[in-house]
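Observations on chain architecture
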Amino acid sequence: MSDAPEPHPPGYVPYVPEPAVEIGPKLQPLALTAPLHWLRQGWRDFMRAPAVSLFFGACFALMGLAVLMVFRHAPIYTLALCAGFVLLGPLLCLGLYQVSLRLERAETPTLDDALGAWMANVKQIAIFGFVLLILEMLWGRAALVVFAVSFDGMPDFAGSLHKLLSADTLGFVTAYLAVGAVFAGLIFAVSVIAMPLLLDRDTDAVTAGLASLKLCLTQPLVMLLWGALVTTLVVLAMLPYFAGLLVVGPWLGHSSWHLYRAALGSRDAT
């Protein structure tokens with residue numbers, strides 16, 4: 001028996017698979033040490049535009065103080081206030097991204113320009129903000145379930161963190177932090193580069209969110225390190241009555257812009 005392949009019929013055209021088409025913007029590989037470089041670049045931007053940056057830092061600090069005051073006097077409303085800040089925070093960061101963008105172009109950043117940054121792609125930014133709101137509402141619902149399972153009625157933690165951190169509430173605190181970590185991680189994954197992408201390029205909210213999620217899934221070690229650095233710096237900034245957010249808030253905002261630039265490169269290069 002011959003092992004020779006059978007001849008192809010007349011008119012046969014061999015199948016050639018289509019090349020894979022990458023959905024969304026192309027992502028660049030990131031070094032594990034890249035987050036430290038982003039922090040250095042963010043600090044440079046902060047020092048080049050301190051007045052505008054400190055304005056946004058003051059907003060972050062006041063938001064933190066508002067949460068603290070509400071927790072002390074009316075803790076039941078703390079989660080609702082945080083929900084509003086989940087939307088306000090990214091909008092404030094848009095102003096910081098705009099400052100870094102102006103500096104990148106050797107232009108002079110102004111407060112008016114930074115405050116109006118959201119108008120560059122207002123429809124898609126609003127859609128993405130709505131997505132963040134939905135995630136925050138789900139987070140709040142899950143937190144209420146944890147409360148309902150852990151206590152008979154609403155516990156009174158007003159004015160004292162010691163009540164919250166007592167041995168009797170250890171199970172509640174563990175479950176509450178676990179739920180918070182899941183939703184915080186999800187929000188981080190879909191938004192880490194989404195807002196600067198919406199500001200810098202004419203793209204839609206879904207594409208921006210998927211690009212951000214893809215970055216976290218394809219380069220998890222770098223993004224986990226970045227998330228750990230952000231969390232550590234924010235927690236440290238919160239300790240002296242949120243005063244540290246005056247500097248840490250805008251510093252991280254500028255650094256996040258450079259994360260975006262490192263991950264996607266210049267718009268002119270794509």
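Whatever comes next refers back to the structure up there.
Here's what I pulled together on the structure shown here. (Residues numbered from 1 in each chain as written. Predicted model: local features only at pLDDT ≥ 70, side-chain atom pairs only at ≥ 80, totals over all residues. Heavy atoms only, no water.)

At a minimum axis separation of 9 Å, helix α10 (residues 220–238) and helix α11 (residues 245–264) run at an interaxial angle of 165°. Here α10 is positioned roughly antiparallel relative to α11, judged by the angle of their axes. Every pair of crossing elements has a handedness; the one defined by α10 and α11 is left-handed. In this structure, α10 contributes Met223, Trp226, Val230, Leu233, Val234 and Ala237 to the contact, and α11 contributes Leu245, Val248, Trp251, Leu252, Ser255, Ser256 and Leu259. For the contact of α10 with α11, the class distribution of residues is 11 nonpolar, 2 polar and no charged. (Axes fitted to C-alpha atoms, helices over the stretch in contact; angles between N-to-C directions. Helix = DSSP H or I, 4+ residues; strand = E, 2+ residues; numbered from the N terminus. Parallel < 35°, antiparallel > 145°, perpendicular 65-115°, else oblique. Left-handed = near helix turned anticlockwise from the far one by under 90°. Contact = heavy atoms within 4.5 Å. Nonpolar A, V, L, I, M, F, W, Y, C, P; charged D, E, K, R; others polar.)

When you line up the elements, Ser256 lands in helix α11. When sequence neighbours within four positions are dropped, the list of residues in contact with Ser256 reads Tyr97 and Trp226.

In a regular helix each residue adds 1.5 Å, so 19 residues correspond to 27 Å; α10 covers 27 Å between its end C-alpha atoms and thus fits that length. Of the positions making up α10, those classed as buried are Val222, Met223, Trp226, Gly227, Leu233 and Ala237. Viewed along the axis of α10, the buried residues span an arc of 135°, placing them on a single side of the element. Summarising the geometry of α10, the exposed residues directed more than 90 degrees from the buried face are Leu221, Leu224 and Leu236. Next to the buried residues of α10 lie α1 (34–48), α7 (170–191), α9 (205–218) and α11. (Expected span 1.5 Å × (residues − 1). Buried < 20%, exposed > 50% of the residue type's maximum accessible area, 1.4 Å probe, protein only. Arc of directions from axis to C-beta.)

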